Amino acid sequence: MTETPDAGPADDPADGWFPESVAATYDGPGGANDAAVVEPMVDVLVDLAAGGPVLELAVGTGRIAAPLAGRGVPVTGIELSRAMAARIADKPGGAAVEVVIGDMTSTRVPGEFSVVYLVFNTISNVTSQDGQVAVFVNAAAHLRPGGLFLVEVGLPSLRRLPPGQDVVPFAVVPDGEGGGYVGFDQFDVVTQQFTSTHVTVTADGTGQFRRIPFRYAWPAEMDLMARIAGLRLRHRWSDWDRSPLTADSTTHVSVWEKL
Ligand SMILES: C[S@@+](CC[C@H](N)C(=O)[O-])C[C@H]1O[C@@H](n2cnc3c(N)ncnc32)[C@H](O)[C@@H]1O
């Protein structure tokens, strides 16, 4: 068993938690790459951009940026991992995406944008409060007055924690051949740190143990980060269908406007 970020021989530590060995399988079929997931996101972003240019923080392999560019929206992306970013140009629409390798807490790109967006829980990859505030400040610095910063992130599943327990499983999937996959989150409610652990075991007893660190923040804390950055809340949805946030929501899509 191996504990990574750098699990494979081709992996560059500078690519962080998304090196070549992760990038190689990131765009596999199903789940987050399904048209049923991607298209509603792209529809909302096209609508919010209203014809203006957009910037994706942590653009990854262009899962959203490429189809958005394919819809005629000028898209720039900032991405830490060269291995992830290398996949963008190969996708339909991807050749039109401007990509800058850098850290979204500090990297500036030229231009003034109508929308800056950060999806797929990636604000939580920044594991300090100062770092998350820096993301909001950097997003705001790229926006025109009235421009929008959109964040999609899961709500921490603390309501599923009975007293004394800190682990919430999110997947237990036997592969039918004696192996399988187990995924769980482990929370520290004092520090707001959590880890997602992914354990994959094959029938021959080999496998992989990946543990990725995160920091959670409630929507209200993000509203304060936004305020520090000169933004104010415009929309808070439970999902990309723009349904309202409820006590049972597991995720939120929040949009702040630059004052
Ligand atoms: C879960 S993936 C999301 C990629 C893409 N946004 C998507 O929706 O498919 C997270 C991405 O964030 C990138 N990332 C993490 N921290 C970053 C940072 N501080 N600056 C820039 N990119 C970062 C990772 O390299 C990875 O490509």
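Residues numbered from 1 in each chain as written. Predicted model: local features only at pLDDT ≥ 70, side-chain atom pairs only at ≥ 80, totals over all residues.

*Asks:* Could you give me a rundown of the nonpolar core, with the residues and numbers involved?
*Replies:* A general tendency of soluble globular proteins is for nonpolar side chains to be buried together. With 60 residues, the main nonpolar core has Val-54 and Phe-149 as its most contacted residues. If you tally residues by element for this core, the top one is strand E5 (residues 143-154), at six residues. Composition of this core by domain shows at least three residues from each of domain 1 (13-156 + 217-258) and domain 2 (158-214). Among residues more than four places away in sequence, those in contact with Phe-149 are Val-116, Ala-139, Ala-140, Leu-143, Leu-231 and Trp-256. (Core = buried A, V, L, I, M, F, W, Y, C linked by C-beta atoms within 7 Å. Buried ≥ 20, exposed ≤ 12 C-beta atoms within 10 Å, placed from the backbone. Helix = DSSP H or I, 4+ residues; strand = E, 2+ residues; numbered from the N terminus. Domains from an automatic or database assignment. Contact = placed C-beta atoms within 7 Å.)

*Asks:* If you had to explain the site of the ligand to someone new, which residues and values would you point to?
*Replies:* Around the ligand, 20 residues are found, and the nearest of them are Ala-58, Gly-60, Arg-63, Leu-80 and Ser-81. In terms of residue class, the shell around the ligand is made up of eleven nonpolar, six polar and three charged. (Near = placed C-beta within 6 Å. Nonpolar A, V, L, I, M, F, W, Y, C, P; charged D, E, K, R; others polar.)

*Asks:* A description of the pairing of strand E11 (residues 251-258) should follow, citing residues and the corresponding values.
*Replies:* Relative to E11, E5 runs antiparallel, the two sharing seven bridges. Directly across from Leu-150, in E11, lies its bridge partner Val-255. Summarising the sheet, strand E10 (residues 231-237) and E11 pair through six bridges and their orientation is antiparallel. Paired with Leu-231 across the two strands is Lys-258, which belongs to E11. (Pairing = 2+ DSSP bridges.)

*Asks:* So what's going on with helix H2 (residues 35-49)? Which residues, and what values?
*Replies:* Between its terminal C-alpha atoms H2 stretches 20 Å, which fits the 21 Å expected from 15 residues at 1.5 Å a residue. Listed in full, the buried residues belonging to H2 are Met-41, Val-42, Val-44, Leu-45 and Ala-49. Buried residues of H2, seen end-on, are gathered within an arc of 165° and therefore sit on one face of the element. Of the exposed residues in H2, the ones pointing more than 90 degrees away from its buried face are Ala-35, Ala-36, Glu-39 and Asp-47. Elements that come into contact with the buried residues of H2 comprise strand E1 (54-57), helix H3 (65-70) and strand E4 (113-118). (Expected span 1.5 Å × (residues − 1). Arc of directions from axis to C-beta.)

*Asks:* Outline the packing of helix H5 (residues 129-141) against helix H6 (residues 219-228), supporting the account with residue identities and numerical values.
*Replies:* Packing of H5 against H6 leaves a shortest axis separation of 8 Å and a crossing angle of 50°. Our classification of the angle between H5 and H6 gives oblique. The way H5 lies across H6 gives a crossing that is right-handed. Together, Gln-132, Val-133, Phe-136 and Val-137 of H5 and Met-225, Ala-226 and Ile-228 of H6 make up the contact between the two elements. (Axes fitted to C-alpha atoms, helices over the stretch in contact; angles between N-to-C directions. Parallel < 35°, antiparallel > 145°, perpendicular 65-115°, else oblique. Left-handed = near helix turned anticlockwise from the far one by under 90°.)

*Asks:* Please provide a residue-by-residue account of the environment of Pro-13, values included.
*Replies:* By secondary structure assignment, the location of Pro-13 is in the segment before helix H1 (20-26). Separated by 68 residues in sequence, Pro-13 and Ser-81 have C-alpha atoms that sit 9.3 Å apart.

Interpretation note: all reported values are geometric properties and have no functional meaning in isolation.
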